[in-house]
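Observations on chain architecture
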Amino acid sequence: MRYPFLDLARTQAAYADELKAAACAVIDSGRFLHGPETEMLEHEVAQLCQVRHCVSVSNGLDALRLILRAYIEMGLLRPGDKIIVPANTYIASVLAVSDNGLVPVLCDIRPDTMNLDSSLLEGLIDPRVRAVMPVHLYGTPCCDATLLDVVNRHDLLMIEDNAQAISAHADCAGINGTSVTGGLGHAAGISFYPTKNLGALGDGGAVVTNDDTLASTVRALANYGSDRRYHNVYCGLNCRLDEIQAAMLRVKLHHFEAENAQRRLVAKAYAQHITHQLVTVPVIFDEMQQVWHQYVVRVAHGQRNALRNYLQQQGIGTDIHYATPPHRQPCYNHLEHGALPVTEQLADEIVSLPIAAPITVDDAREIAHVINDFNPD
Ligand SMILES: *Cc1c(COP(=O)(O)O)cnc(C)c1O
């Protein structure tokens, strides 16, 4: 395949030697958990998100689960409370809620941002709604004045699912006064899944927050519930990040902003050159500094799969994020929800084009021209 959708070996080829050296250094150190790499990574990620605390954890789902569990331990949430979650998201956002005995309330999305539609929030509020979880899907920040106003007026917790948009900037400041994703709300979950913009070489994640109590509660919960050695205050879990993954992530951090800049150039090239009448490209929000975890176009008139097959024949890999929204998954058969027309429609129209390195601006122009030559059935 000429342009695979994603080939991680090629994405990281430019610094594979740095990764190998950093892994060897950890092996030689004999320190595999609770070590200096983890500590420095936490410091660096907290800085990136402009917050005081970062607790590294096992993966992004655990980051979100631990935030919600910590709020339950702190008495700020009770099982049965409702959490508003966008209907268009990776299922992990919703799993974190239901796993804690909390009730996901699905909110439809805006067709332009493909993120939670804040104008619908007020209509979903009832006394059991205690939090909202904006997801910065595809690397586009989800935060606006309407969302912040609802959070303030109803005294909600704002928990960001920042699995896909670390280092993106919203065009408004959140509750901490910063506009960077991860620092917009009361707490955020980050994923270091290998395909994410900042990906480990295995599973990894982090919780970031300005809340001292939340940070120490999450840290304890992620370490068997112990606040100090052999002293367990919670019936906790083991959700730690290890030193090798922390070291891999610290190498990746050196290249991360350059990779994001490259993704922005590729997104711009796609937007400039894709002119096929059936294909709608995503809006580029200048001030929001999207980080383009995915570049998701929409294909009208039921031609999505035909376009994908055609591109496949031309040696261009594509993917769908996500073909089946959470509420249509068998595990959420029982989940009550209102009408979700935008989510439903987009699920049948979206296609993700290659955007990660080594895709260049020239590649994007080439791929755009192939798309423009697509003859629908
Ligand atoms: C990847 C992802 C998660 C889960 O992260 P893992 O590290 O895979 O557990 C959660 N939410 C969203 C939006 C994601 O993309």
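Since the structure is predicted, the reported quantities are computational estimates derived from the model, not experimental observations.

1. Quick notes on empty space enclosed by the protein
Rolled over the atoms, a probe sized like a water molecule indicates the empty space that remains. For the coordinates displayed, the defined rule picks out 3 cavities of 30 Å³ or more. As a volume, the largest cavity reaches approximately 100 Å³. Lining of the largest cavity is provided by 14 residues; of these, Thr11, Lys196, Asn197, Glu259 and Arg263 occupy positions nearest its centre. If you list the elements that add at least two residues to the lining of the largest cavity, you get helix 1 (8-11) and helix 8 (243-273). The class makeup of the residues in the lining of the largest cavity is 6 nonpolar, 4 polar and 4 charged. Counting the residues that make up the lining of the largest cavity, at least three belong to each of domain 1 (8-249) and domain 2 (255-372). The calculated volume of the second largest cavity comes to roughly 70 Å³. Lining the second largest cavity are 13 residues, with Met114, Thr140, Pro282, Gln290 and Trp292 sitting closest to its centre. Tallied by class, residues from the lining of the second largest cavity come to 8 nonpolar, 4 polar and 1 charged.

2. Digging into the layout of surface pockets
Taken as a whole, the largest pocket encloses approximately 510 Å³ of empty space. Lining the largest pocket we find 28 residues, and of these Tyr90, Tyr193, Thr195, Lys196 and Tyr322 sit closest to its centre. For the lining of the largest pocket, the secondary-structure elements that each account for two or more residues are helix 4 (60-73), helix 5 (92-99) and strand 6 (187-191). It is helix 4 that provides the largest number of residues to the lining of the largest pocket, a total of 3 residues. Here the residues of the lining of the largest pocket are counted per class, giving 13 nonpolar, 11 polar and 4 charged. No fewer than three residues from each of domain 1 (8-249) and domain 2 (255-372) sit in the lining of the largest pocket. The calculated volume of the second largest pocket comes to roughly 270 Å³. Lining the second largest pocket are 14 residues, and of these His34, Thr38, Glu42, Arg219 and Arg240 lie nearest its centre. The leading source of residues in the lining of the second largest pocket is helix 3 (residues 36-48), at 3 residues. The residue inventory of the lining of the second largest pocket, partitioned by class, reads 4 nonpolar, 6 polar and 4 charged.

3. Re the domain arrangement of the chain
Assigned domains within the chain: domain 1 (8-249) and domain 2 (255-372). With centres defined by C-alpha atoms, the gap from domain 1 to domain 2 works out at 24 Å. Here domain 1 and domain 2 share an interface that buries about 3,400 Å² over both sides, 63% of which is from carbon and sulfur atoms. On the domain 1 side of the interface with domain 2, the three residues burying the most area are Leu106, Tyr138 and Asn197, jointly 21% of the side's total. At the boundary of domain 1 with domain 2, the tally comes to 0 salt bridges. Across the domain 1-domain 2 interface, the total number found is 18 residue pairs in polar contact (both at pLDDT 80 or more). Within the residue set of the side of domain 1 that touches domain 2, elements represented by two or more residues are helix 1, helix 5 and strand 3 (103-107).

The rules behind these values
- In this numbering scheme, every chain counts its residues from 1 along its sequence in written order.
- Only residues with pLDDT of at least 70 are given local features in this predicted model, and only at 80 or more are side-chain atom pairs given and counted; all residues enter the totals for whole chains, interfaces and linings.
- Side-chain measures were taken over the full set of non-hydrogen atoms in the model, leaving aside hydrogen atoms and water.
- Within this scheme a cavity is a closed region of a 1 Å grid, computed over the protein atoms alone, that accommodates a 1.4 Å probe without allowing it to escape, whereas a pocket is open but has protein on both sides within 12 Å along at least five of seven lines; lining residues each have an atom within 4 Å of a point.
- Grid points are joined across faces, edges and corners, and a volume is the space filled by probe spheres set on the points.
- We count a stretch as a helix when DSSP gives it H or I for four or more residues in a row; a strand needs E for two or more, and each element gets its number in order from the N terminus.
- For this scheme, ten residues count as nonpolar: Ala, Val, Leu, Ile, Met, Phe, Trp, Tyr, Cys and Pro. Four count as charged, namely Asp, Glu, Lys and Arg, and the remainder, Gly too, count as polar.
- Reported domain spans reflect what an automatic or database domain assignment gives.
- By buried area we mean the combined loss of accessible area, with a 1.4 Å probe, across both parts when two parts are placed together.
- A pairing counts as a salt bridge when a side-chain nitrogen of Lys or Arg comes within 4 Å of a carboxyl oxygen of Asp or Glu.
- Polar contacts, as used here, are pairs of N or O atoms within 3.5 Å; protein pairs need one atom able to donate a hydrogen and one able to accept it. Residues neighboring in sequence count only if both atoms are side-chain atoms.

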